[in-house]
Amino acid sequence: MIVELGHFALILALLAALVQGTVPLVGAHRGDAALIAVARPAAFLQLALAALSFAALTWAYLVSDFSVANVALNSHTDKPLLYKISGVWGNHEGSILLWILILALFGAGVAAFGRNLPDAFRARVLAIQALIAVGFLAFSLFTSNPFARLDPVPLNGNGLNPLLQDPGLAFHPPMLYLGYVGFSIAFSFAIAALIEGRVDPAWARWVRPWTLAAWSFLTAGIALGSWWAYYELGWGGWWFWDPVENASFMPWLAGTALLHSAIVVEKRDTLKSWTILLAILTFSLSLLGSFLVRSGVLTSVHSFASDPERGVFILAFLILVVGGSLTLYAVRAPSMKPTGMFSPISRETSLIVNNLVLAVAAFVILFGTLYPLLAKEVGYQVSVAAPFFNIVFPALMALLIPFMGLGPLLAWKRGNLREALRRLRPAFVLAVAAGLAVAVLTEGPFWASIGVAYGVWLTASVLTELAGRVGLFRAPGQALRRAAGLPRGAWGMTIAHLGIAVMIFGIAVSSAWQREEITVIEPGDSVTVGGYRFVLDAVGPVRGPNYAAIRGTFSVYKNGKFVARLFPETRRFADPPQETTEAAIDPLFTGDLYAVIGQAQSDGRWGVRLYHKPLVSWIWAGALIMVLGGMVSLSDRRLRVGAPRAARVPAGVPVPGVAGE
Amino acid sequence: MLYGLFALLAVVAAAVLALPVLRRRGSAADRADHDVALYRAQLLELQAERDAGTIGPAEAEAARIEVERRLLRAADRTAPAPRAELSPGNRKAVAAVVAAIVAVLAGLIYHAQGNPGLPDRPAVRAAEVPAEEASADELAVRMAAAMRKRPNELRGWLMQGQLAGSVGRYDLAVEAYENAARLEPGNTGHWQSLGLARVARDAGMVNPDARDAFGKALVLDPKDPMARYYLGLADFQDHNDRAAFDRWAALAAETPPDAEYAALLERGLKRAARRMGLPVPDVAVTPAAPGPSAAQVEAARDMSEDDRGAMIEGMVQRLADRLKENPDDLDGWLRLGKAYAVLGRKEDAVRAFGQAIRIDPSNPAAQEALAALKDG
């Protein structure tokens, strides 16, 4: 009964979305307050129904109701509780249902927190959001129904993939989806503005918190995914440029560009048409990513051909969303006249450079991801692999980072380049010195010194900008007070940019000075990697709840001093027969020690892989710092301004410039 | 009950969607008011930043002028949006249509898709475990407690082992057979049962303690097929494919085709063969299966080096040809790569593993094999 109730709730959600997507739109067009008023309750209803439906499926997983086909295919009574829950979204049908839930969550968020938006505009936003939901709900109900039933009921389920039983993977997709789907709000805002025919600073300010939230979630999601790959796949890498990763990275790049261009719209009322386009493209890339790659429909020709219904639906939906929004854009964009002018040397220009580079990077990755897929469709075998991305992407970032340091020091409208460069001279000298020092004193590849120089440059220039803002050198006594008074948005930028710097250090140093040793040793032997001596103390069998494992025990010494003990395992599962590698990692501030135990050799020795990866954890620390920056920026009080009542000027406070009103 | 809940849900949904249309409302706030509010707030922020000294005076002045200009423009824009509100009668009609669409369409779609007759079928739910099962489980626990008080009753332990095994309490079954084997260590059957109980407890894994038990059984009866099968499985699970294959092949040679465990053994042989890169269908215990039998495979091992090489080369060539037609077969490439590596055709092996990596760039087996090839 619970399962059928969930199914019915999903059907009602489709119809509620249909109403929410049409009636308020007509209302906003006619200026009819009664029709407009449907939008908000409908958004809450939508969330309630989606949540009910999701809860019903989760319940079916929790109690292992194998009469639900989806549960029978993807779960098992022996699965640990946590993975029964994560199994809900670990498959195609369930992940679409999660999309629907998060779409509804963001819609209800706008309905609840968007009180500062004009009623008609909010109604349009909610209507667009509902129309997206209609697409997903119809896709779910008519091609990928999570509530399809089985009769007779199988005795046990089929899904016990041990590789997927990992806490990192359990929470990675919801985080990613919060990011992907979060950009749907930016999209809805953009389409609503196009329908209304107005994009102005107020619009930019309204859309900013939603974009920031989505961006923060996506950043966290990507970082979690990369971390999972690092310690579960056991190959020591943290980014492989595979289609799944690229699918999440493209919307991130476009979303980052959107975040920056929206600032220009807010402050200067220009770059409007481009910002709208970015909002559309960001969400389109999210759709493309989750549909084509995550759902696995296009990854192989066979699944596409064997399930043409889904494929055709997805294509039609993509064409409708992307094509429809771009057509609307083409019709309306020319009417969006910029009012703010700016000179070539200004913060606007540096933000345009940021946008261009990020957009090009997103396009390069799109090309590199889709081209092999498309080529395969017409019978060619092309592989665009990591080496291509590893050359192109850093080159693009090398263009961007100088501007990350310079831009914030330039004023809006017309900047003083000479003054900015003068202030940045210490940062520049420091960066060059650091780069030279690395090149001369160490035996790294040339790009390592460039990477370090870029990291130093970014850190130093961000700190220069901060010091200037708080007047650290002009009036040191007041610096603390001023720092506290800085807008949260400014702090957010500073923190996020520092996060990038930390990440650059991590990437450059860990790729340049990673040391690895792949060898065969017996207990008692030792191997020295990057100055650390790994001693294999013992290898023995251990037993887990549903697997048997070989566990190695390593003691690691540096200069004769004990540093850490590592316990890598190779786990073997019986049903389905599968093997997973549990790398043992000791994350140190200065670098990770990473050990993997492999196959037994016939002579009683063991294959082992040992790494020392200096500063590698800085990569994820950098991502975390970026997320923190996003959160700080999100807490900016100013993002809540905009409602006519809330912003009424308190009596007695003179408002500069409007005294004559 | 079910339909009652459906009706309730549908009525609530229809009401939430339709009622706002009926309620009388004032007109919506004008968009221009929002713009004015924003620009005022921006001016206040600017002032605050200038007071705090976080923005230069010239910069602040330029920004102020610009925001003020926008403020004036927004304040000028007084033309109200066109309003075309529905008459009360029309509103009722809209509300009725909305409610009807929701209720009727929901019913129709569910009628087409739903399975109202199928009840929920949770597989585990303590409260609904059938009465006998609950008592059987309990019985096993109670009997274990009773047996621990007189641990030297062999018959009791054997009964307890059977009972506990039949209700799925493998932990108790292991305990029972441990005691049985302790009391009568010369009985092959006890060691067999103990091994089986340990395997069942570990979800099919033959762990060291289970291996021990089968080893004991084998000492007592070197021909015991069960012990030999499970020791082979232990080897197989430890990736000693060659040892597993040898053990199983020897057992197969002595196994009558109608033996109960023949099918199990055949499956094991096939899996081991597959992992070693030998052609899969070429091992068989049951006589009906096509291809060379286990005996023939045994024979192949006794062939001259050249003959055997030719036979294997032929098999590998067939695999390679098949992959040419079906290049997306990941397992196929892995197998081919391993076969080439065994044959010493290093370049071909590298190419085959390369194909595997093309299909699945993060495949650990392929990467490991490639690294091994490059090292050696």
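Residues numbered from 1 in each chain as written. Chains lettered and ligands numbered in written order. Predicted model: local features only at pLDDT ≥ 70, side-chain atom pairs only at ≥ 80, totals over all residues. Heavy atoms only, no water.

1. Remarks on a nonpolar patch on the surface
Residue and element names in this part refer to chain B. Short version of the rule: Note that patches include only residues with greater than 30% relative accessible area and no salt bridge, and the join distances are 9 Å for like charges and 5 Å for nonpolar side chains (Val, Leu, Ile, Met, Phe, Trp, Tyr). Surface exposure here means Shrake-Rupley accessible area, sampled with a 1.4 Å probe, where a residue is shielded only by the protein chains that are shown. We define a salt bridge as a contact between a side-chain nitrogen of Lys or Arg and a carboxyl oxygen of Asp or Glu at a distance within 4 Å. Per the convention used, a helix needs a DSSP run of H or I reaching at least four residues, while a strand needs a run of E reaching at least two, with both numbered from the N terminus. Relative accessibility decides the category of a residue: with a 1.4 Å probe and only protein chains considered, values under 20% of the type maximum give buried, values over 50% give exposed, and everything between is partly exposed.
Side chains of Val97, Ile101, Val104, Leu105 and Leu108 sit close together on the surface and give an oily, nonpolar patch of about 420 Å² of accessible area. Tracing the backbone shows Leu108 in helix α4 (residues 88–113). Residue class for Leu108 comes out exposed when judged on its relative accessible area of 52%.

2. Examining the interface of chain B and chain A
We apply this condition: Residue contacts are counted whenever heavy atoms from the two residues lie within 4.5 Å of one another. Buried area, as used here, totals the accessible surface that two parts lose on assembly, with accessibility defined by a 1.4 Å probe and the loss added over both. In the analysis that follows, any N or O atom pair within 3.5 Å is treated as a polar contact, provided that within protein one partner can donate a hydrogen and the other can accept it, and provided that, for residues neighboring in sequence, both atoms belong to side chains.
Each partner contributes to the interface: chain B provides 87 residues, whereas chain A provides 98 residues. Buried surface at the junction of chain B and chain A, both sides included, amounts to about 8100 Å², of which 63% is carbon and sulfur. At the surface where chain B touches chain A, the tally comes to 5 salt bridges. Between Arg572 of chain A and Asp238 of chain B there is a salt bridge, with its nearest N and O atoms 3.7 Å apart. Linking chain B to chain A there are 15 residue pairs in polar contact (both at pLDDT 80 or more). Counting only elements with at least two residues in the side of chain B that touches chain A, the list comes to α1 (2–22), α2 (31–52), α3 (57–76), α4 and α17 (364–375) of chain B. If you tally residues by element for the side of chain B that touches chain A, the top one is α2 of chain B, at 16 residues.

3. Focus on α3 of chain B
Turn by turn, an α-helix covers 3.6 residues, leaving residues three or four places apart pointing in a common direction. Rule in force here: Any helix carries an expected span of 1.5 Å times its number of residues minus one.
For α3 of chain B, built from 20 residues, the straight-helix expectation of 28 Å at 1.5 Å per residue is met to within 8% by its first-to-last C-alpha distance of 28 Å. Among the residues of α3 of chain B, Ala60, Arg64, Glu66, Val67, Glu68, Arg70, Leu71 and Ala74 of chain B are the ones counted as buried.

4. Re the packing of helix α6 (residues 154–166) of chain B against helix α7 (residues 170–183) of chain B
Residues and elements named next belong to chain B. Put simply, the rule is: All axes here are fitted lines through C-alpha atoms, helices being fitted over the stretch that makes contact, and every angle between N-to-C directions spans 0 to 180 degrees. Should an angle fall under 35 degrees it is taken as roughly parallel, and over 145 as roughly antiparallel, whereas 65 to 115 is taken as roughly perpendicular and any remaining angle as oblique. Each crossing is labelled by how the near helix is turned from the far one, with a counterclockwise turn of less than a right angle marking it left-handed and a clockwise turn marking it right-handed. In the scheme used here, Gly and all other residues not listed as nonpolar or charged are polar, with Ala, Val, Leu, Ile, Met, Phe, Trp, Tyr, Cys and Pro taken as nonpolar and Asp, Glu, Lys and Arg as charged.
Contact pair α6 / α7: the axes reach a minimum separation of 8 Å and the direction vectors enclose 155°. Taken together, the axes of α6 and α7 are roughly antiparallel relative to one another. In this structure, the crossing between α6 and α7 has a hand that is left-handed. Between α6, through Leu154, Trp157, Leu158, Gln160, Gly161, Gln162, Ala164 and Gly165, and α7, the contact on the second element is made entirely by Tyr170, Leu172, Ala173, Glu175, Ala176, Tyr177, Asn179, Ala180, Arg182 and Leu183. A class-by-class count of the residues in the contact of α6 with α7 yields 11 nonpolar, 5 polar and 2 charged.

5. What about the nonpolar core?
What counts, and what does not: The nonpolar core is taken to be a set of buried Ala, Val, Leu, Ile, Met, Phe, Trp, Tyr and Cys residues, with the residues joined through side-chain atoms within 4.5 Å.
Core analysis: the biggest nonpolar cluster contains 193 residues, and Phe136, Phe189, Trp203 and Ile276 of chain A have the highest contact counts within it. Here Phe189 of chain A is in contact with Val110, Leu117, Phe121, Val125, Trp203, Trp206, Val207 and Trp210 of chain A, once residues within four sequence places are set aside.

6. What about the pattern of salt bridges?
With the rule as written, the count across this model stands at 35 salt bridges over all chains. Asp348 of chain B is paired through a salt bridge with Arg351 of chain B; the nearest N and O atoms lie 3.5 Å apart. On the criterion of helical spacing, the pair formed by Asp348 of chain B and Arg351 of chain B is a turn pair, its members being 3 residues apart in helix α16 (residues 346–359). Beyond isolated ion pairs, a larger network of salt bridges with shared partners links Arg268, Asp269, Lys272, Glu348 and Lys413 of chain A together with Glu66 and Arg70 of chain B.

7. Considering the sheet that holds strand β8 (residues 584–587) of chain A
Adjacent strands of a sheet pair through backbone hydrogen bonds, lying either parallel or antiparallel. Residue and element names in this part refer to chain A. Rules: Being paired, for any two strands, means DSSP has found at least two bridges between them.
Strand order in the open sheet made by the 4 strands is β1-β10-β9-β8, with antiparallel pairing throughout. A strand with exactly one partner marks an edge of an open sheet, and here the two such strands are β1 (515–521) and β8. Here the average twist between neighbouring strands, direction ignored, is 10°. As paired elements, β8 and strand β9 (residues 591–600) share 4 bridges and run antiparallel to each other. Paired with Ala584 across the two strands is Ala595, which belongs to β9. Contacting β8, β9 and β10 (606–614), helix α9 (residues 201–232) crosses the sheet at an angle of about 45° to β9. The strands touched by helix α19 (residues 488–513) within the sheet are β1 and β10, with β10 carrying the most contacts at an inclination of about 140°.

8. Remarks on the environment of Leu82 of chain A
Residues and elements named next belong to chain A. Positionally, Leu82 belongs in helix α5 (residues 81–87). Using a relative accessible area of 33% as the deciding quantity, one classes Leu82 as partly exposed. Residues Leu82 and Pro167, 85 residues apart in the sequence, show an inter-C-alpha distance of 8.1 Å.

9. With respect to helix α16 (residues 417–441) of chain A
All names here are of chain A. Test applied: The term bend refers to the angle at a residue between two fitted axes, each drawn through seven residues, those ending there and those starting there.
Here α16 contains 25 residues, and its C-alpha end-to-end distance of 34 Å stays within 8% of the 36 Å for a straight helix at 1.5 Å per residue. Along α16, the largest kink reaches about 45° and is centred on Leu424; proline Pro426 follows within four residues of it. Among the residues of α16, those classed as buried are Ala420, Leu424, Ala427, Ala431, Gly435 and Val438. Near the N-terminus of α16, the side chain that reaches the backbone nitrogen of Arg418, with its oxygen 3.3 Å away, is that of Asn416.

10. Here's the deal with the confidence of the model for chain A
All names here are of chain A. Stated precisely, the cut-off is as follows: Note on scores: pLDDT gives the predictor's confidence for each residue, bounded by 0 and 100.
Scored by pLDDT, chain A comes out at a mean of 85, with 91% of its residues at no less than 70. Mean pLDDT across the elements of chain A bottoms out in helix α12 (residues 301–306) (45) and peaks in helix α3 (residues 39–62) (96). Low confidence marks residues 300–305, where pLDDT is under 50. Its contacts with residues over four positions away, or in another chain, come to 9 contacts. For residues 642–661, every residue scores under 50 in pLDDT, and the model assigns this stretch 25 contacts once sequence neighbours within four places are set aside.

11. Here's the deal with the environment of Asn416 of chain A
All names here are of chain A. Positionally, Asn416 belongs in the loop between α15 (386–406) and α16. In this structure the C-alpha to C-alpha distance between Asn416 and Ile345, which are 71 residues apart in sequence, comes to 7.3 Å. Here the side chain of Asn416 touches Arg418 through a polar contact of 3.3 Å, landing on its backbone nitrogen. Within polar-contact distance, the side chain of Asn416 engages the backbone nitrogen of Glu419 at 3.1 Å.

12. Observations concerning the packing of aromatic side chains
Residue and element names in this part refer to chain A. As a reminder, the rule being used: Aromatic pairs are defined between Phe, Tyr and Trp rings, using the six-membered ring for Trp, whenever the two ring centres lie within 6.5 Å; interplanar angles under 30 degrees are classed as stacked, those over 60 as edge-to-face, and all others as tilted. Consider the ring centre and the ring normal. A charge sits over the ring if Lys NZ or Arg CZ is within 6 Å of that centre and within 35 degrees of that normal.
Taken as a whole and judged by the stated rule, the model has 33 aromatic pairs over all chains. Judged by centre distance (5.3 Å) and plane angle (50°), the rings of Phe589 and Trp618 are tilted. Residue Phe589 is found in the loop between β8 and β9, and its partner Trp618 is found in helix α20 (residues 617–634); the two are separated by 29 residues along the sequence. Overall, Phe589 belongs to the exposed group, its relative accessible area being 65%. Joined through ring pairs, the aromatic side chains of Trp215, Trp239, Trp241, Phe249, Trp252, Phe388, Phe389 and Phe393 make up one cluster. The positively charged end of Lys613 is found above the aromatic ring belonging to Tyr594, 6.0 Å away from the centroid. Lying across the ring of Tyr611, Lys613 places its NZ or CZ 4.9 Å from the centre.

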